[in-house]
Amino acid sequence: MSCDPKEAAAAGAVEVAKEFIARASLVGIGTGTTVKEFLVRASGLLRGKRVVSSSLSTALSLSGEGVDVIYYPAGDALIDVYIDGADEVTLSGDMIKGRGGALLGEKMLAFFSRVSIFVVGEDKLVEKLGSRGPLPLEVVPEAYPMVASELRSMGFKVVPREGSGKVGPLISDWRGMIVDLYTGPIEDPGDFDMKLHNIPGIVDTGLFLGMADYVVVGRRDCRYEVLRVTRKTKASALRR
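Report follows, based on the coordinates.

How each quantity is defined
Residues numbered from 1 in each chain as written. Predicted model: local features only at pLDDT ≥ 70, side-chain atom pairs only at ≥ 80, totals over all residues. Heavy atoms only, no water. Helix = DSSP H or I, 4+ residues; strand = E, 2+ residues; numbered from the N terminus. Buried < 20%, exposed > 50% of the residue type's maximum accessible area, 1.4 Å probe, protein only. Contact = heavy atoms within 4.5 Å. Areas by Shrake-Rupley, 256 points an atom, 1.4 Å probe, with all protein chains shown as cover. Lys, Arg positive; Asp, Glu negative; His and termini not counted. Charge placed at Lys NZ, Arg CZ, Asp CG, Glu CD. Pairing = 2+ DSSP bridges.

Here we come to the overall build of the chain. The number of helices and strands found in the chain is six helices and 14 strands. When the backbone C-alpha atoms are referred to their principal axes, the chain occupies close to 50 × 45 × 40 Å. Looking at the chain residue by residue over its 240 residues, the buried ones come to 55%. Counting contacts in the chain only where the partners sit at least 6 residues apart, residues at least 24 apart contribute 71% of the total. Carbon and sulfur atoms form 53% of the exposed surface of the chain, whose accessible area is close to 11200 Å². Of the side chains in the chain, 30 bear a positive and 31 a negative charge, and the two mean positions are spaced by 3 Å.

Following this line, the structure appears as structure tokens:
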């Protein structure tokens, strides 16, 4: 018997997340195909909850399922539980995200959450980030020529991502330009992320380092595995 790893991961994520969702006042939902599989199974759990979405795409999907979607939580509200997918993930829980073009919204929700759960098929597991594809960046559109020149001088291939159904570069929900940086396997993701953030015009990167509490991995044999990882990055209010 074989299964789509995304479906196995989504089913496992429901089991991991359901108690957190039941106790939550505010739930965050990410973007992507695995998240859509999760929503097919979890929409009943989310109805009656206040839900904040990382993208317009997910907001529309949630609204279509009768879920109350909000964009700006009141006051200093923190997200009780955040569920999202990932494009690459190591066994320590570091990730690359953003190949769906929603990395900035996803990183904000992950950072401002009490518990973050990421859901992937086993094909997304890697030894080193950057092994399966490019690293997405969100860049100020007007700064792109200068940012691209700097990145090329560092030896990287830089490609502005083009959207399906539109002419020209893909612009995110946050009005940044999505750029794909071809790095190959990244030896020191933390150091590399810092170097990228030091380039003016780069709004954020798809490196999600130390942002997971749980990673649910779906297997082709229909099982799922839950990795409990050490989270390092979260809002300061959560450390009090």
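All right, on to the sheet that holds strand 5 (residues 88–89) then. Reading across the sheet, the three strands line up as 5-6-12 and stay open at both edges, with antiparallel pairing between neighbours. The open sheet terminates on both sides in strands that have one partner only, identified here as strand 5 and strand 12 (207–208). Both strand 6 (residues 95–96) and strand 12 contribute to a ladder of two bridges, which runs antiparallel. From the neighbouring strand, M95 faces strand 12, where its bridge partner is F208.

Read these as layout, nothing more, since geometry by itself doesn't imply function.
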